[in-house]
Amino acid sequence: MTSSTPSSSSLANADRDEQVDVHDERTLTILYATETGTAQDVADRLARLCRSLRIHARVHNLDAYSPTELINEHLVIFVVSTTGSGQEPRAMSSLWNMLLRADLPDDLFEDLAFSVFGLGDSAYEKFCWPAKLLSRRLIHLGASELCARGEGDDQHQLGVDGALGPWMNKLSAVLRQIYPLPDGVVPEAEDSLPPARVSMSDASPGAQLARRDPLVADREYHLATVTCNRRLTAEDWNQDVRHFEFSFDDDIQYRPGDVAVIHPEAIPAEVESFLSRIGYANIADDPIDIQQTLTDQSLPDHLPTTTTLREIFTRYVDINAVPRRSFFAVLKHFAQDELEREKLEEFLSDEGADEMYEYCQRPRRTISEVLEEFRSAKIPREYVFDLFPPLRPRQFSIASSVKMYPRSIHLCIAIVQYRTMLKIPRRGVCTSWLARLKPGDQLRIGIQKGFITLPTDSKTPVICVGPGTGVAPMRSVIQERIYDGILENTLYFGCRSASKDYHYGEEWTRYASEGKLTYRAAFSRDGPEGVPRTYVQDLIREDATRIWELVSKREAWVYISGSANKMPATVRAAIRHALVSQGGMEEEDAKEYIVKMEKEGRLIEECWS
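If you're wondering where the values come from, they're calculated on a predicted model, not measured in any experiment. (Residues numbered from 1 in each chain as written. Predicted model: local features only at pLDDT ≥ 70, side-chain atom pairs only at ≥ 80, totals over all residues. Heavy atoms only, no water.)

Caption draft 1: Region of the structure containing the sheet that holds strand E7 (residues 198–202). With antiparallel pairing, three strands are arranged side by side in an open sheet as E7-E11-E12. What marks the edges here is a single partner per strand, and that holds for E7 and strand E12 (306–307). Pairing of strand E11 (residues 288–292) with E12 involves two bridges; the strand directions are antiparallel. Bridge pairing links Ile288 to Thr307 in E12. (Pairing = 2+ DSSP bridges. Helix = DSSP H or I, 4+ residues; strand = E, 2+ residues; numbered from the N terminus.)

Structure (structure tokens):
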């Protein structure tokens, strides 16, 4: 599970507080809520569009924006991603909770004009759901939509760009009507090289050693020591899932469902090879001072003002990301070879879009691999942050209770590794870095509030559904309740084989034998040949009588955690089956009951795509 955290970088925040009257002419605000960084990239592109139209854009991550400020805005563009099977990103939660207040007047935002671009995946039922809900709610509160909502779809052959380009053209036309260009002023050419977002200068020798690391200075992060890195899956199993334990000197506090935020580092050998390839090897360790020159463009979290190119490519930008169209749009300006430049121009044309997809997105070709083929590119160091995306912090559901394990965090993490369609091996940057950690190694970990809450009444039963690594937050919930002496706990766990990927199996059977947990496990690949496979939803259907008793009569809370593919929907369907078959409800009434549970906070999903 991955997502962004608010920037704590002294550099990134240095110039963001410039005094701009939001009601001045030719100003607007761009607010983004991101999980994987795509919304942030879109926000950067929108800010460049505004600059080309001579409009000043104030850009904010919603995580670092006070919701009460929205009443003072006059024109806002929202960029909103989707997480799980239709939830808003964590960065958007504060704003959304404020907008849902029942006491807000219908004309609250009568002076606000807005537009929304949503990011989602049409393979899921609630495609771009947060963006749709945001549009409807703002209109209900009196705001006017200046440009019809855009919806970027991961399923489109061109990804987000399939919808973003046409939508930006419409937005540009609307903005030019609102803010006509002064006489004699023309927009910047769309294919021109934008100015770099930072300036760099040589720093004095040893300056990097004297500076304080912004991540160390951030009080939201705590020094952690690795005490356990143990493989949970069998050695001969195709997936490597690890159990990690970290100890802290700080008296850290968290609740079930909260997440650990970890900033990864790239493999040193890969960084060294990359620096040589792009011609930075001889200057990689020279200290440099960085100053942000474009405040409408984002920078990586916790970026220091003094650093080196080696540190930048190790900790702050991602050379293993699959490049977006914006990467090629900047790279073409630095290609020295005419044929290479022509190929990049072709990728960026409407006619070459399919070819770029076949070259890049479909085989999951990385930035590092692209630059292997476009070797003539000479990238000025000032453009590093314009060309390379940030190496984002990763979020992992905490798999322990701080009451049971004080000053400690446990994580259950699948190490990402696979082969592309070209049979090229791939490793997740963060999980492969974590897999190499040994007991005694140290890192800094942040703690972020999750979506899960526990019943206030200790007599309320809970039903936890957590197949695979989705069991991580369920372990936190169950441990917390057991520590508090609450025994009305049910867990449905699913995996492929009891002998291969049975995460925490001994712990669950022990709790069950002690009367602290009702436990059901589905091993989908352990059944006889030719017999239908059994999944968690099948066990819930088998237990329809008990599920009806818990959910309807005793108002149990239900938690669903894991991959946001078909699993959450099939689990909901299994609960609905219990309401119909055992409770005598009509199908539509059962659907409404599930929706009611969700609105009341009795059904909570913690899922990721």
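Caption draft 2: Summary view of the packing of helix H8 (residues 268–277) against helix H9 (residues 309–316). In the contact formed by H8 and H9, the axes pass within 10 Å of each other and the chain directions differ by 130 degrees. Here H9 runs oblique to H8, going by the angle between their axes. Here the hand of the crossing between H8 and H9 comes out right-handed. Counting all contacts with H8, which are made through Val271, Glu272, Phe274 and Leu275, the residues of H9 involved are Leu309, Arg310, Phe313 and Thr314. Broken down by class, the residue content of the contact of H8 with H9 amounts to five nonpolar, one polar and two charged. (Axes fitted to C-alpha atoms, helices over the stretch in contact; angles between N-to-C directions. Parallel < 35°, antiparallel > 145°, perpendicular 65-115°, else oblique. Left-handed = near helix turned anticlockwise from the far one by under 90°. Contact = heavy atoms within 4.5 Å. Nonpolar A, V, L, I, M, F, W, Y, C, P; charged D, E, K, R; others polar.)

Caption draft 3: Structural context of helix H17 (residues 505–513). All buried positions along H17 are accounted for by Gly505, Glu507, Trp508 and Tyr511. Along the axis of H17, the buried positions cluster into a sector of 165 degrees, meaning they face one direction only. For H17, the exposed residues set more than 90 degrees away from the buried face come down to Glu506 and Ser513. Gly515, located one to two residues past H17, shows a positive phi value of around 75 degrees. (Buried < 20%, exposed > 50% of the residue type's maximum accessible area, 1.4 Å probe, protein only. Arc of directions from axis to C-beta.)

Caption draft 4: Here's a closer look at the environment of Ala498. The topology assignment puts Ala498 in the loop between strand E19 (489–495) and H17. Placed 289 residues apart in sequence, Ala498 and Leu209 show a C-alpha to C-alpha distance of 51 Å. Excluding anything up to four places from it in sequence, Ala498 contacts Phe523 and Asp526.

Caption draft 5: Spotlight on the nonpolar core. Core analysis: the biggest nonpolar cluster contains 44 residues, and Ile312, Phe313, Phe328, Leu371, Val384, Phe385 and Phe388 have the highest contact counts within it. Beyond its immediate chain neighbours, meaning those up to four positions away, Phe313 contacts Ala266, Val271, Phe274, Leu275, Ile278, Tyr280, Ile319, Val384 and Phe388. (Core = buried A, V, L, I, M, F, W, Y, C linked by side-chain atoms within 4.5 Å.)

Caption draft 6: Region of the structure containing the pattern of salt bridges. Within this structure, the stated rule accounts for 42 salt bridges. Across the pair Glu272 and Arg310 runs a salt bridge whose closest N-O atoms are separated by 2.6 Å. Of the two residues, Glu272 is situated in helix H8 and Arg310 in helix H9; the sequence distance between them amounts to 38 residues. The closest approach of N and O atoms between Glu480 and Lys403, which form a salt bridge, is 3.5 Å. A residue pair is termed long-range when its members are at least 10 positions apart, and Glu480 in helix H16 (residues 471–483) and Lys403 in the loop between strand E13 (394–397) and strand E14 (408–414) qualify at 77 residues. Glu480 gets classed as buried once you look at its relative accessible area, which sits at 5%. (Salt bridge = Lys/Arg side-chain N within 4 Å of Asp/Glu carboxyl O.)

Caption draft 7: Representation of a negative patch on the surface within the structure. Taken together, Asp106, Asp107, Glu110 and Asp111 make up a surface patch of like negative charges. Given a relative accessible area of 51%, Asp106 falls into the exposed group. (Patch = residues over 30% accessible without salt bridge, like charges linked within 9 Å, V, L, I, M, F, W, Y side chains within 5 Å. Areas by Shrake-Rupley, 256 points an atom, 1.4 Å probe, with all protein chains shown as cover. Lys, Arg positive; Asp, Glu negative; His and termini not counted. Charge placed at Lys NZ, Arg CZ, Asp CG, Glu CD.)

Interpretation in functional terms is not warranted from these geometric data alone.
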